[in-house]
Amino acid sequence: MADTKQVDETADAKQAAKAERKAARLAKRISAFAKRHGGAEGQIAYIGERGARIVLVGEDGGWGDLVAPSVAVAELAVGKAGITVHETFDGEFAAKVKTGPYEWTRMAGIQVGGPKNG
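All figures in this text were calculated on a predicted structure; none of them were measured in a lab. All residue numbers here refer to positions counted from 1 along the written sequence of the relevant chain. Note on the predicted model: pLDDT of at least 70 is required for a residue's local features to be given, and 80 or more for side-chain atom pairs to be given and counted; whole-chain, interface and lining totals, by contrast, use all residues. Computation of side-chain values: all heavy atoms of the structure, hydrogens and water removed.

*Asks:* Help me understand the sheet that holds strand E1 (residues 40-46) in this model?
*Replies:* Strand pairs in the sheet, formed through backbone hydrogen bonds, run parallel or antiparallel to each other. A pair of strands is treated as paired once DSSP finds two or more bridges between them. Here a strand is any run of E in DSSP of at least two residues, a helix any run of H or I of at least four, and the numbering for each starts at the N terminus. Within the open sheet, the four strands sit side by side as E3-E2-E1-E4. Their pairing is mixed. Lying at the two open borders of the sheet, with one neighbouring strand each, are strand E3 (63-68) and strand E4 (84-86). The mean angle between the axes of side-by-side strands here comes to 30°, regardless of whether they run parallel or antiparallel. Two strands pair when backbone bridges link them, and E1 and E4 are joined in this way by three bridges, in the parallel orientation. Paired with Gly42 across the two strands is Val85, which belongs to E4. Between the N-to-C directions of two axes lies an angle of 0 to 180 degrees, each axis being a line fitted to C-alpha atoms and, for a helix, fitted only over the stretch in contact.

In structure tokens, the structure reads:
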């Protein structure tokens, strides 16, 4: 029985180390985004088995997103990056997003049969 416990602890330690490495890589990307956009804020959304989506909005209105394998890893990543995290994507936070012609054309192409990009 002690052998099983030791195997479980080793597996748990490996899993934790893997999550830590993933969070560090995501934090590096978040920090790079923030640097490029004069700072950043974010919001984490659970997206099912796929994990969690980290939506980033820069101070200049630029935006992007990343996918983490879990909400816990996403939370660890934004914590390491030191950005402000919002509970929801609405209000003043959502109003900071600036969209351009690409987004409008793309949305029109998808929604109402308008022109398609690419």
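On we go from here.
*Asks:* When you look at the packing of aromatic side chains in this model, what are you seeing that I'm missing?
*Replies:* The relation between two aromatic rings is expressed through the spacing of the ring centres and the mutual angle of the planes. Stacked, tilted and edge-to-face pairs are distinguished by plane angle, under 30 degrees for stacked and over 60 for edge-to-face with tilted covering the rest, among Phe, Tyr and Trp rings (Trp via its six-membered ring) whose centres lie within 6.5 Å. Using the criterion set out here, one finds one aromatic pair in the structure. Taking the centre distance of 5.1 Å and the plane angle of 80° together, the rings of Phe89 and Phe93 count as edge-to-face. Per-residue accessibility, obtained with a 1.4 Å probe over protein chains only, is compared with the maximum for each type, and a residue is labelled buried under 20%, exposed over 50%, and partly exposed between these values. By relative accessible area, Phe93 is classed as buried at 4%.

*Asks:* Could you clarify how one ought to interpret the nonpolar core in this entry?
*Replies:* For soluble globular proteins, nonpolar side chains are generally found buried alongside one another. Put simply, buried Ala, Val, Leu, Ile, Met, Phe, Trp, Tyr and Cys residues joined by side-chain atoms within 4.5 Å make one nonpolar core. Ranked by size, the top nonpolar core spans 17 residues in total, and within it Ile30, Ile54 and Leu56 carry the most contacts. When residues of this core are traced back to their parent elements, those giving at least two are helix H1 (2-36), E1, strand E2 (52-58), E3 and helix H2 (71-81). Here this core takes five residues from H1, the largest share from any one element. When checking whether two residues touch, look at their non-hydrogen atoms; a contact exists if any pair is within 4.5 Å. Not counting the four nearest positions on each side in its chain, Ile54 is found in contact with Ile30, Gln43, Ile44, Gly64, Asp65, Leu66, Ala68, Ala74 and Val78.

*Asks:* It is not clear to me how the pattern of salt bridges should be interpreted in this structure. Could you clarify?
*Replies:* For side chains of opposite charge, pairing can occur when their charged atoms come near one another. Think of a salt bridge as a Lys or Arg side-chain nitrogen and an Asp or Glu carboxyl oxygen that are within 4 Å of each other. In the structure shown here, the tally under the stated rule is four salt bridges. The partner of Lys80 in a salt bridge is Glu20, and the shortest N-O contact between them spans 2.6 Å. With Lys80 in helix H2 and Glu20 in helix H1, this residue pair connects regions lying 60 residues apart in the sequence. When its relative accessible area of 35% is taken as the criterion, Glu20 is described as partly exposed. For Arg53, the salt bridge is made with Asp65, and the minimal N-O distance between the two is 2.6 Å. Pair noted here: Arg53 is in strand E2 and Asp65 is in strand E3, with a separation of twelve residues, a long-range link.

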